[in-house]
Amino acid sequence: MPVSLIVGASGAIGRFLRPRLLDAGHEVIALSRQPREASDARVHWLRGDLHAAMPPLPALDAIFSLGPLDAFAHWFAQAPAFGTPRVIAFGSMSVESKRDSTDAAERRLAERLRQAERELALAAEQRGCDW
């Protein structure tokens, strides 16, 4: 049975992804900053924060990152080994749409997100993970 971690499991995408992974036969580990009560006994909720304390993780077959890409990329680059999972990470179109903005803050955001994409790609390559 594949083991999948969902970072952002309680958010807008995660709440739809969880049942689909379960239906596909995955063991689902769901990460949230807030304590969660399991509405499905097959979902293992963990409390953690990419910016602070993260719980130990088992070997993973897949990681779905559904929250801020920069936080995930930084954590993933420094996280302890947990196998060589496939990484599916959602980014933001702001990388492209705000790149040439007249607003300096928007240009900085676009560059920060672009740097997160680079950091994630490098970390995945170094770990031997498909992404």
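The rules behind these values
- Residues numbered from 1 in each chain as written.
- Predicted model: local features only at pLDDT ≥ 70, side-chain atom pairs only at ≥ 80, totals over all residues.
- Heavy atoms only, no water.
- Phe/Tyr/Trp six-rings, centres within 6.5 Å; stacked < 30°, edge-to-face > 60°.
- Helix = DSSP H or I, 4+ residues; strand = E, 2+ residues; numbered from the N terminus.
- Buried < 20%, exposed > 50% of the residue type's maximum accessible area, 1.4 Å probe, protein only.
- Lys NZ or Arg CZ within 6 Å of the ring centre and 35° of its normal.
- Contact = heavy atoms within 4.5 Å.

Draft legend 1. How the structure looks around the packing of aromatic side chains. A full pass over the atoms with the stated rule returns four aromatic pairs. A ring pair is formed by F72 and W75, whose centres lie 5.8 Å apart and whose planes are at 45 degrees; its orientation type is tilted. In this pair, F72 and W75 are both assigned in helix α2 (residues 69-78), three residues apart and thus about one turn of the helix distant. By relative accessible area, which is 10% here, W75 ends up buried. Pairing W75 with F82 gives two aromatic rings, centres 5.7 Å apart and planes at 15 degrees, and the pair type is stacked. Taken as a pair, W75 and F82 share a single burial class, namely buried. Three or more aromatic residues joined by ring pairs make a cluster, and in this case those are F72, W75, F76 and F82. Sitting over the face of the ring of F76, R127 holds its NZ or CZ atom 4.8 Å from the ring centroid. Above the face of the F82 ring, R127 is positioned so that its terminal group lies 5.1 Å from the ring centre.

Draft legend 2. Focus on the environment of A62. Inspection of the secondary structure assignment puts A62 in strand β4 (residues 62-65). Accessibility expressed as a relative area gives 8% for A62, which makes it buried. It is 9.8 Å that separates the C-alpha atoms of A62 and V28, two residues lying 34 residues apart in sequence. Non-local contacts of A62, meaning those with residues more than four positions away in its chain, are made with V3, S4, L5, P85 and R86.

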